[in-house]
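Examining the three-dimensional arrangement
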Amino acid sequence: MRIRPAALPDIPEIQAIYAHHVLTGTGTFEEVPPSVEEMAARFATLTDAGAIWRVAADATGVLGYAYAARYHTRSAYRFTAEDSVYVRDDRRGCGVGRALLAELVAAATAAGFRQMLAVIGDSANVGSIALHRDAGFTEAGRLLAVGYKFGGWRDVVLMQRALGEGDTTPP
């Protein structure tokens, strides 16, 4: 497995991974998978705004992807990133997410971000919660019953970790 920056030719595989999670999981609250064209537009928009994208790949193709984008567009948030990590279903539990998140944390730190947030869909998403906890994130809060998917109310778990010097010095 190799971690590298994501590129436009990766979008069809990224879209397929995400579509699976949309249709079968509660880690995202989207209910209709975006098309390849929509994913390409999202990739371009986020990349143009400075987002960091990574893919894990091997001879079988893209195993997973992750990105960190500014948490909000207002200027005071410019040092805070939000991460997203998705792994191909047949490679879950094989360390792909862990490798992607580690690379994302390093790249976001190098880019000058000071905090990283994870907005995790569904408090029952123990895999994502454990992934982030193992990467140094702590739970910062929960939003109860804010999403309704697959016939049930879903919480959101907010997790956070400092990057680099965090809030110990001015940026």
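Rules of the game
Residues numbered from 1 in each chain as written. Predicted model: local features only at pLDDT ≥ 70, side-chain atom pairs only at ≥ 80, totals over all residues. Heavy atoms only, no water. Pairing = 2+ DSSP bridges. Helix = DSSP H or I, 4+ residues; strand = E, 2+ residues; numbered from the N terminus. Axes fitted to C-alpha atoms, helices over the stretch in contact; angles between N-to-C directions. Contact = heavy atoms within 4.5 Å. Core = buried A, V, L, I, M, F, W, Y, C linked by side-chain atoms within 4.5 Å. Buried < 20%, exposed > 50% of the residue type's maximum accessible area, 1.4 Å probe, protein only. Arc of directions from axis to C-beta.

1. Thoughts on the sheet that holds strand 4 (residues 80-87)
- Strands sit in the order 1-2-3-4-5-7-6 across an open sheet of 7 strands; the sheet is mixed. Each end of this open sheet is capped by a strand with a single partner; those strands are strand 1 (2-5) and strand 6 (138-149). The sheet shows a mean angle of 25° between the axes of neighbouring strands, taken without regard to direction.
- The sheet contacts of helix 3 (residues 96-110) involve strand 1, strand 2 (52-58), strand 3 (61-70), strand 4, strand 5 (115-121) and strand 7 (152-162), and relative to strand 2 the element is tilted by about 145°.

2. Concerning the nonpolar core
- Among the nonpolar cores identified, the biggest contains 25 residues, and Leu101, Met116, Phe137 and Met159 are the most heavily contacted of them.
- Of all the elements in the fold, those that place two or more residues in this core are strand 2, strand 3, strand 4, helix 3, strand 5, helix 4 (126-134) and strand 7.
- Here this core gets 7 residues from one element, more than from any other, and that element is helix 3.
- When residues no more than four places from it in sequence are discounted, the contact partners of Leu101 are Asp83, Val85, Met116, Leu131, His132, Ala135 and Phe137.
- Residues Met39, Trp53, Tyr65 and Tyr67 belong to the second largest nonpolar core, which totals 16 residues.

3. A few points about helix 4
- All of the buried residues along helix 4 are Ser128, Ile129, Leu131 and His132. In a view along the axis of helix 4, the buried residues occupy a sector of 160°, so they form one face of it. Exposed residues pointing more than 90 degrees away from the buried face of helix 4 are listed as Val126 and Asp134.
- In the core, the buried residues of helix 4 are packed alongside strand 4, helix 3, strand 5 and strand 7.
- Trailing helix 4 by a residue or two, Gly136 shows a phi angle of about 95°, which is positive.

4. Details of unusual backbone geometry
- Located in the positive-phi region is Ala145, a residue other than glycine, with phi close to 50°.
- You can see Ala145 is positioned in strand 6.
- Here the phi dihedral of Phe150 falls at roughly 55°; this positive angle occurs in a residue that is not glycine.
- Tracing the backbone shows Phe150 in the loop between strand 6 and strand 7.
- You can call Phe150 partly exposed: its relative accessible area is 45%.

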